[in-house]
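Results of the structural survey
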Amino acid sequence: MRDHHHGHHGHRDTEGFERRRERGDRGPRVFAPGDLKLLLLSMLAEQPCHGYDLIRQIETLFDGNYSPSPGVIYPTLTFLEESELISGETHGSKKRYQATDAGRAFLKEQAVALDGVRTRIEVSKRSLRGHDRPPEIHEAVHNLRHALQMHSGRWNPEEIERVRKLLNDTARAIVAGPAHQPSQEPSE
């Protein structure tokens, strides 16, 4: 009976890694399941790297606005190594990874998928771009997130409707721009 967990879920490992980053990892979920696997493999096909080099390279890719946590990177590297798409050599306490021939062949087959990953990175990069969002706004968004977290467990239908309306009205007002703000001054 023990294998009813597996069944058709065979290769969902990388999704698990992605989902695990929801706790304690700042910022939005940047990579779709499987994206990170291809990205790391393509980086290692260009040059052998340690895990922390890869983290730095991804930071650079996002202009420093996103940093993947080791808890996302290392399990993906382990997965690639177990799949024999990369090999790791230990130097001292660090492991240096490189793409294998099988890994390079896999990258060729996945060229279209890799293009998709690069496109998604461009989109994420635009939405993460620091200079689009001044620190004051960043802080206000953080406060909003915090307020919503504080609310958990206290949702009833009236409260859901109240908060939903506040958030949607705010979103609409932001999109509409300054001309459409309800005027605060007396309208003489």
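In this text, all values refer to a predicted model and were calculated from it rather than measured experimentally.

If you check helix H4 (residues 70–82), its first and last C-alpha atoms are 18 Å apart, about what 13 residues at 1.5 Å a residue would give, namely 18 Å. Looking at the residues trailing H4, positive phi occurs at Glu84, about 60°.

Our focus in this paragraph is the confidence of the model for the protein. When pLDDT drops low, the exact placement of atoms in the prediction is not to be read closely. A residue-level look at the protein finds 77% of positions with pLDDT of 70 or above and a mean pLDDT of 80. The secondary-structure element of the protein with the lowest mean pLDDT is helix H1 (residues 13–20), recorded at 42, while helix H5 (residues 101–109) shows the highest, at 97. Confidence over residues 2–27 falls short of pLDDT 50; this stretch has 28 contacts with residues more than four positions distant or in other chains.

Attention shifts here to the sheet that holds strand E2 (residues 86–91). With antiparallel pairing, three strands are arranged side by side in an open sheet as E1-E3-E2. Taken across any chain shown, the strands that pair with only one partner, and hence form the sheet edges, are strand E1 (49–50) and E2. Sheet topology note: the E2/strand E3 (residues 94–99) ladder contains six bridges and is antiparallel. Across the sheet, residue Glu89 finds its bridge partner in E3, namely Arg96.

Another point: the packing of helix H3 (residues 51–61) against H4. Contact pair H3 / H4: the axes reach a minimum separation of 10 Å and the direction vectors enclose 125°. Compared by their axis directions, H3 and H4 come out oblique. The handedness of the crossing between H3 and H4 is right-handed. Here Gly51, Tyr52, Leu54, Ile55 and Ile58 of H3 come into contact with H4, specifically with Pro70, Ile73, Tyr74 and Leu77. Residue composition of the contact of H3 with H4, by class: eight nonpolar, one polar and no charged.

So, on to the nonpolar core. With 28 residues, the main nonpolar core has Phe31, Leu40, Ile58, Phe62 and Leu77 as its most contacted residues. Looking at this core, the elements with two or more residues in it are helix H2 (35–46), H3, H4, E3 and helix H6 (111–128).

Time to look at unusual backbone geometry. The phi torsion at Asp63 lies on the positive side, around 55°, for a residue other than glycine. Structurally, Asp63 is set in the loop between H3 and H4. Notably, Glu84 is not glycine yet its phi reads approximately 60°, a positive angle. Note on placement: Glu84 falls in the loop between H4 and E2.

Conventions we followed
- Residues numbered from 1 in each chain as written.
- Predicted model: local features only at pLDDT ≥ 70, side-chain atom pairs only at ≥ 80, totals over all residues.
- Heavy atoms only, no water.
- Helix = DSSP H or I, 4+ residues; strand = E, 2+ residues; numbered from the N terminus.
- Expected span 1.5 Å × (residues − 1).
- pLDDT = per-residue confidence, 0-100.
- Contact = heavy atoms within 4.5 Å.
- Pairing = 2+ DSSP bridges.
- Axes fitted to C-alpha atoms, helices over the stretch in contact; angles between N-to-C directions.
- Parallel < 35°, antiparallel > 145°, perpendicular 65-115°, else oblique.
- Left-handed = near helix turned anticlockwise from the far one by under 90°.
- Nonpolar A, V, L, I, M, F, W, Y, C, P; charged D, E, K, R; others polar.
- Core = buried A, V, L, I, M, F, W, Y, C linked by side-chain atoms within 4.5 Å.
- Buried < 20%, exposed > 50% of the residue type's maximum accessible area, 1.4 Å probe, protein only.

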